[in-house]
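# Reading the structure
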Amino acid sequence: MTRSYYAPQGGHPPQTDLLTGRAVFTEAYAVIPRGVMRDIVTSLLPFWDKTRAWVIARPLSGFAETFSQYIMEVAPGGGSERPEPEPDAEGVLFVVEGEMALMLDGKRHAMKAGGYAYLPPAARWTLKNDSSAPVRFHWVRKAYERVDGIGLPEAFVTSDEAVKPVAMPGTEGKWATTRFADPNDIRHDMHVNIVTFEPGAVIPFAETHVMEHGLYVLEGKAVYRLNNDWVEVEAGDFMWLRAFCPQACYAGGPGRFRYLLYKDVNRHMKLKSPFAR
């Protein structure tokens, strides 16, 4: 099966372009279209050389509070020997374009488009672009929620090609999920998966649940239900959903509709007593 992933290229629109676009931020969701990801909105990060990032999600009080998500662009020769500044942060890397070398616990992993890595808290890792072209990848970060008596999950490296998608029951394979971490492994408190819809497939009800979401469209197009709105989305768009935002979709075709999906899982809801001191 041919794999295809959209990656932003940056640049800047001409003065003749209309400013009207599809970007929207509401109380329940945000849509960041691919046309927004220009040079002017990139960020630099400490201890990353020849690197810039599009920050497309960050913990935001009253909205989505559990994760951050970057699209990283590392030029040839760039990378980091000190990539993660927070010892309690876990991460997922997913490559959408180019090649890079990930050193993880002393072992080198050559990662290309479709490559996936899970990095538990305090993992020892570095990253280098030894190729002659930029590499672009998603970096999802979350503060790991430790549970007394439950150990940390192990680091692992795999790829989209290596993991078989699991079809949703009753869909004849038209709606499937590529699950990189075992969904029954309670050690994991976040899942970053790929969801695939064949043309015409649907989510046939308005999902309404406690998990926050980041959905980056890797391929194709669809009409997505977000709260009370039907929104057209295409490859390169990012949808950011707070908890309990109703959601559904129709895959528009003519090809597959695929997105990288973040959600927080497997933990009790944090309670704070008004009498706590």
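Nothing here was measured: the structure is a model prediction, and the numbers come from that model.

Procedures and definitions
- The residue count restarts for each chain, going from 1 along the sequence in the order it is written.
- A pLDDT threshold of at least 70 governs which residues receive local features in this predicted model, and a stricter bar of 80 or more applies before side-chain atom pairs are shown or counted, although totals over entire chains, interfaces and linings include all residues.
- Side-chain metrics rest on all non-hydrogen atoms present in the structure, leaving aside hydrogens and water.
- Nonpolar cores were defined as sets of buried Ala, Val, Leu, Ile, Met, Phe, Trp, Tyr and Cys residues, with membership established by side-chain atoms within 4.5 Å.
- Only protein chains enter the calculation, and the probe is 1.4 Å; a residue is then buried if its accessible area is under 20% of its type maximum, exposed if over 50%, and partly exposed in between.
- Counting from the N terminus, the helices are the DSSP runs of H or I reaching at least four residues and the strands are the DSSP runs of E reaching at least two.
- Note on contacts: a residue pair qualifies if any of its non-hydrogen atoms lie within 4.5 Å across the two residues.
- Points on a 1 Å grid, built from protein atoms alone, make a cavity when a 1.4 Å probe fits but cannot get out and make a pocket when they are open with protein on both sides within 12 Å along at least 5 of 7 lines; residues with an atom within 4 Å of a point are the lining residues.
- Grid points are joined across faces, edges and corners, and a volume is the space filled by probe spheres set on the points.
- For this classification, the nonpolar set comprises Ala, Val, Leu, Ile, Met, Phe, Trp, Tyr, Cys and Pro, the charged set comprises Asp, Glu, Lys and Arg, and every other residue, Gly included, is treated as polar.
- When DSSP finds two or more bridges between a pair of strands, those strands are recorded as paired.
- A carboxyl oxygen of Asp or Glu within 4 Å of a side-chain nitrogen of Lys or Arg is what we treat as a salt bridge.

## Notes on the nonpolar core
As a rule of thumb, nonpolar side chains are buried together in soluble globular proteins. If you look at the biggest cluster of nonpolar residues, it comprises 28 residues, and the most contacted ones within it are Phe94, Val192, Leu218 and Trp240. For this core, the secondary structure elements donating two or more residues are strand E3 (49-57), strand E4 (67-80), strand E5 (89-97), strand E8 (115-119), strand E14 (190-197), strand E16 (213-219), strand E19 (238-241) and strand E21 (257-264). With residues near it in sequence (within four places) discarded, Val192 still touches Val92, Tyr116, Val140, Phe180, Leu260, Leu261 and Tyr262.

## Examining empty space enclosed by the protein
Overall, the coordinates contain one cavity of 30 Å³ or more when judged by the stated rule. Volume-wise, the largest cavity comes out at about 40 Å³. Taken together, Val92, Tyr116, Tyr118, Phe156, Ala181, His188, Met190, His191, Val192 and Asn193 make up the full set of residues lining the largest cavity. Secondary-structure elements contributing two or more residues to the lining of the largest cavity are E8 and E14. With four residues, the single largest contributor to the lining of the largest cavity is E14. Of the residues contributing to the lining of the largest cavity, the split by class is seven nonpolar, three polar and no charged.

## So, the sheet that holds E14
Strand order in the open sheet formed by eight strands is E1-E2-E19-E16-E21-E14-E13-E12, with antiparallel pairing between adjacent strands. In this open sheet, the two edge strands, each paired with only one partner strand, are strand E1 (24-25) and strand E12 (166-167). As paired elements, E1 and strand E2 (residues 29-32) share two bridges and run antiparallel to each other. Within E2, the position partnered with Phe25 by the bridge is Ala30.

## Focus on the pattern of salt bridges
Enumeration according to the criterion identifies 18 salt bridges in this entry. Between Glu73 and Arg52 there is a salt bridge, with its nearest N and O atoms 2.5 Å apart. Within this pair, whereas Glu73 is found in strand E4, its partner Arg52 is found in strand E3, the two being separated by 21 residues in sequence. The same class applies to Glu73 and to Arg52, which are both buried. Of the charged contacts, one joins Asp130 and Arg108 as a salt bridge, the two residues approaching to 3.7 Å between their closest N and O atoms. Taken together, the residues span a long stretch of sequence, with Asp130 in the loop between strand E9 (125-128) and strand E10 (135-143) and Arg108 in strand E7 (residues 107-112) at a distance of 22 residues. Beyond isolated ion pairs, a larger network of salt bridges with shared partners links Asp39, Arg52, Glu73, Glu97 and Arg136.

## Quick look at the layout of surface pockets
Taking a probe equal in size to a water molecule and rolling it over the atoms shows the remaining empty space. If you add up the space inside the largest pocket, you get close to 710 Å³. Considering the residues around the largest pocket, the lining is formed by 27 residues, among which Glu65, Thr66, Glu145, Glu212 and Asp264 are closest to the centre. No other element matches E10, which puts three residues into the lining of the largest pocket. Considered class by class, the residues forming the lining of the largest pocket number eleven nonpolar, five polar and eleven charged.

## As for the environment of Phe94
Relative to the helices and strands, Phe94 is located in strand E5. Judged by relative accessible area, Phe94 falls into the buried class, the value being 1%. Taking C-alpha positions, Phe94 is 9.1 Å from Tyr118, a pair spaced 24 residues apart along the chain. Once residues within four sequence positions are removed from consideration, Phe94 is found in contact with Tyr5, Gly114, Gly115, Tyr116, Phe137, His138, Asp160, Ile194, Leu218 and Leu260.

## Regarding the environment of Pro254
Structurally, Pro254 is set in the loop between strand E20 (247-251) and E21. The exposure class of Pro254 is exposed, given its relative accessible area of 83%. When the C-alpha positions of Pro254 and Gly200 are compared, they lie 8.6 Å apart, and in sequence the two are 54 residues distant. Leaving out residues up to four positions away in the same chain, Pro254 has contacts with Pro199 and Lys221.

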